[in-house]
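Reading the structure
Take a look at the letters that make up each chain.
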Amino acid sequence: MCANIGDGRVELRFDEAEGGGYISYALSDAERLDWRQIFNELGALGCQLVSYDLDEGYYTDENQICWGVVAA
């Protein structure tokens, strides 16, 4: 499953068969994200955020992309 959550600022990729996946978002959006809304949206989709790290991720020309681990 692929979905945009958090007012479209967070991309969710979740493989139900594998029982896990990840979210990714731009570091520049991190302070503007409503994490309560994101947790609620993840729960409604049958998964939860189990860890995230602002220091992990990768860089694009414009931004740093952060990621978090999602599980069923």
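The present account deals with the structure reproduced in this document. (Residues numbered from 1 in each chain as written. Predicted model: local features only at pLDDT ≥ 70, side-chain atom pairs only at ≥ 80, totals over all residues. Heavy atoms only, no water.)

By size, the foremost hydrophobic cluster in this structure holds 14 residues, and its most contacted members are V10, L12, I23, Y25, L42 and V70. Taken together, the elements giving at least two residues each to this core come down to β2 (10-15), β3 (20-26), α1 (35-44) and β5 (64-71). In contact with L42, not counting residues within four places along its chain, are I5, L12, I23, C47, Q48 and L49. (Core = buried A, V, L, I, M, F, W, Y, C linked by side-chain atoms within 4.5 Å. Buried < 20%, exposed > 50% of the residue type's maximum accessible area, 1.4 Å probe, protein only. Helix = DSSP H or I, 4+ residues; strand = E, 2+ residues; numbered from the N terminus. Contact = heavy atoms within 4.5 Å.)

A word on the environment of Q48. By the element assignment, Q48 lies in strand β4 (residues 48-59). Q48 sits in the partly exposed class, given a relative accessible area of 45%. Residues Q48 and V70 lie 22 residues apart in sequence; the distance between their C-alpha atoms is 5.5 Å.

What is shown is where atoms sit, not what they do.
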